[in-house]
Amino acid sequence: MEEPKICSLETFWHLLQNGPQKVLLLDYDGTLAPFHKKRDKAFPYPGVRKILEEIQQSGKTRLVIVSGRNIKDIVPLLGLKQLPEIWGGHGFEHLLPDTSVQRQKIPATCSLNLQKAFLWAKEHGHEHNCEQKTSSLAFHWRGLKEETKEQLEQKVSRAWEPLTMGHNLEIQPFDGGLELRCAGMHKGDAIKQILDECSKDAMIAYLGDDLTDEDAFKALKGKGLSVLVRDTQRDTLADCWLTPPDELLDFLHHWYRYSTKT
Ligand SMILES: [Mg+2]
């Protein structure tokens, strides 16, 4: 992976102002909302809801949330008056602006093995580490000691490896755990579908924090601005790096200002 390039946001804002189509793609956890040990309490940073609602109300931007969470879990946390378009479950679910939901078909063997993986976790006292999603099972260890995390990583990997073999499942690390996921769809695939619907001169930005967002950064390469939102820098394909919440809010306010300038 490459070090982030120094981004020319000034150029981007200028182009955004004149862009015929404006598309803002946002990851949720770690990007719009700080991590919380209780995942159902991970609400957006103060000020995020307000500026997102202003962007929505302007009617100038296609605002899309792209998350690993299930759509039904994001909606109440996000708390926007007007439902945005949401891609959930790393792209397996798609909430359209007309509020209908499209879901990718998940092979029966995948669902069965996700269930087996959860039962294993439950039997070993790790039920509370698990987040069950339509197309995956996430094992969280945020907030635990480094040594405990390493032990859990080995234990979970050993237990889940046999479930992946020949069943279209894969184990992916994320910032704060491991996820057993149905293969065949990731955030980059969701971005590619969105790009297919956009004009060539559309102004697009994607903001994300996690390893799973690298697929989205890759898909957007050369076609839009990718932004790593994180307290500390890391190797990334993103074009630039912002620290939350101040620089994130600054970005969103700039987006509003330049996307609504006539
Ligand atoms: Mg995230």
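The notes below deal with the structure included here. (Residues numbered from 1 in each chain as written. Predicted model: local features only at pLDDT ≥ 70, side-chain atom pairs only at ≥ 80, totals over all residues. Heavy atoms only, no water.)

**A short note on the pairing of strand 1 (residues 22-26)**
Here is step 1: The buried fraction of strand 1 is high, at 5 of 5 residues.
Here is step 2: Both faces of strand 1 are covered, namely the face carrying Lys22, Leu24 and Leu26 and the face carrying Val23 and Leu25.
Here is step 3: Following the backbone out of strand 1, through helix 2 (residues 48-58) and into the adjacent parallel strand 2 (residues 61-66), one traces a crossover that is right-handed.
Here is step 4: In the sheet, strand 1 pairs with strand 10 (residues 203-208) via 5 bridges, with the strands oriented parallel. Within the sheet, the bridge partner assigned to leucine 25 lies in strand 10 and is tyrosine 206. (Buried < 20%, exposed > 50% of the residue type's maximum accessible area, 1.4 Å probe, protein only. Helix = DSSP H or I, 4+ residues; strand = E, 2+ residues; numbered from the N terminus. Right-handed = clockwise from strand over helix to strand, strands pointing away. Pairing = 2+ DSSP bridges.)

**A short note on the packing of aromatic side chains**
Here is step 1: Per the counting criterion, the structure on display carries 8 aromatic pairs.
Here is step 2: With centroids separated by 5.8 Å and ring planes inclined at 15 degrees, the aromatic side chains of tryptophan 13 and tyrosine 258 adopt a geometry described as stacked. Here tryptophan 13 is found in helix 1 (residues 9-18), whereas its partner tyrosine 258 is found in helix 8 (residues 246-260), with 245 residues between them in sequence. Summarising the burial analysis for this pair, tryptophan 13 and tyrosine 258 share the class buried.
Here is step 3: Aromatic pair phenylalanine 139 and tryptophan 160: ring centres 6.3 Å apart, planes at 75 degrees, arrangement edge-to-face. On the criterion of sequence distance, the pair formed by phenylalanine 139 in strand 7 (residues 136-140) and tryptophan 160 in helix 5 (residues 146-164) is long-range, its members being 21 residues apart.
Here is step 4: The buried category is assigned to tryptophan 160, whose relative accessible area is 0%. (Phe/Tyr/Trp six-rings, centres within 6.5 Å; stacked < 30°, edge-to-face > 60°.)

**Looking at the coordination of the magnesium ion**
Here is step 1: Here the magnesium ion is held by Asp27 (OD), Asp29 (O) and Asp209 (OD), and the distances to it run 2.1 Å.
Here is step 2: If you list the donors of the magnesium ion from N- to C-terminus, the spacing comes out as D-x1-D-x179-D. Note that aspartate 29 is positioned in the loop between strand 1 and helix 2 and aspartate 209 in the loop between strand 10 and helix 7 (214-220), a separation of 180 residues in sequence. Comparing aspartate 29 with aspartate 209 shows no difference in burial state: the two are buried. (Donors = N, O, S within 2.8 Å, 3.2 Å for Na, K, Ca; no water.)

**Description of the packing of helix 1 against helix 8**
The relative placement of two packed helices is expressed as an angle between their axes plus a distance between the axes.
Here is step 1: Between helix 1 and helix 8, the least distance of the axes is 8 Å, while the angle of their chain directions is 35 degrees. With respect to the hand of their crossing, helix 1 and helix 8 are arranged in right-handed fashion. Of helix 8, the residues touching helix 1 (which contributes Leu9, Phe12, Trp13, Leu16 and Gln17) are Phe251, His254, Trp255, Tyr258 and Ser259.
Here is step 2: In the contact of helix 1 with helix 8, the residues fall into 7 nonpolar, 3 polar and no charged. (Axes fitted to C-alpha atoms, helices over the stretch in contact; angles between N-to-C directions. Left-handed = near helix turned anticlockwise from the far one by under 90°. Contact = heavy atoms within 4.5 Å. Nonpolar A, V, L, I, M, F, W, Y, C, P; charged D, E, K, R; others polar.)

**Some points on the nonpolar core**
Here is step 1: Counting residues in hydrophobic clusters, the biggest one holds 41 residues, and the most contacted among them are Leu25, Trp160, Ile191, Ile204 and Tyr206.
Here is step 2: Among the elements that line this core, the one with the most residues is helix 4 (residues 108-123), at 6 residues.
Here is step 3: Of the residues that make up this core, three or more belong to each of domain 1 (9-104 + 185-260) and domain 2 (108-182).
Here is step 4: Leaving out residues up to four positions away in the same chain, isoleucine 191 has contacts with Leu25, Val66, Tyr206, Ala216, Ala219 and Leu220.
Here is step 5: Ranked by size, the runner-up nonpolar core spans 37 residues in total, among them Leu24, Tyr28, Ile86 and Leu225. (Core = buried A, V, L, I, M, F, W, Y, C linked by side-chain atoms within 4.5 Å. Domains from an automatic or database assignment.)

**With respect to the environment of alanine 117**
Here is step 1: With respect to the secondary-structure elements, alanine 117 resides in helix 4.
Here is step 2: Take alanine 117: its relative accessible area is 0%, and that puts it in the buried class.
Here is step 3: Along the chain, alanine 117 and leucine 180 lie 63 residues apart, while their C-alpha atoms are 8.3 Å from each other.
Here is step 4: Not counting residues within four places of it along the chain, the set of residues in contact with alanine 117 comprises Leu137, Trp160, Leu163 and Leu180.

**A word on the pattern of salt bridges**
Where charged atoms of side chains with opposite charge meet at close range, the side chains can pair.
Here is step 1: Within the structure shown, the criterion is met by 16 salt bridges.
Here is step 2: For glutamate 179, the salt bridge goes to lysine 133, with nearest N and O atoms at 2.9 Å. Of this pair, glutamate 179 sits in strand 9 (residues 177-182) while lysine 133 sits in the loop between strand 6 (130-132) and strand 7, and the two are 46 residues apart along the sequence.
Here is step 3: On the basis of relative accessible area, glutamate 179 is assigned to the buried category, the value being 3%.
Here is step 4: Ionic pairing is found between lysine 221 and aspartate 239, a salt bridge with its closest N-O pair at 3.2 Å. Taken together, the residues lysine 221 in the loop between helix 7 and strand 11 (225-229) and aspartate 239 in the loop between strand 11 and strand 12 (240-242) connect sequence positions 18 residues apart.
Here is step 5: Lysine 221 gets classed as partly exposed once you look at its relative accessible area, which sits at 32%.
Here is step 6: What emerges from the salt-bridge pattern is a single network uniting Asp27, Lys187 and Asp213. (Salt bridge = Lys/Arg side-chain N within 4 Å of Asp/Glu carboxyl O.)

In short, the description is geometric, and any link to function would need to be established separately.
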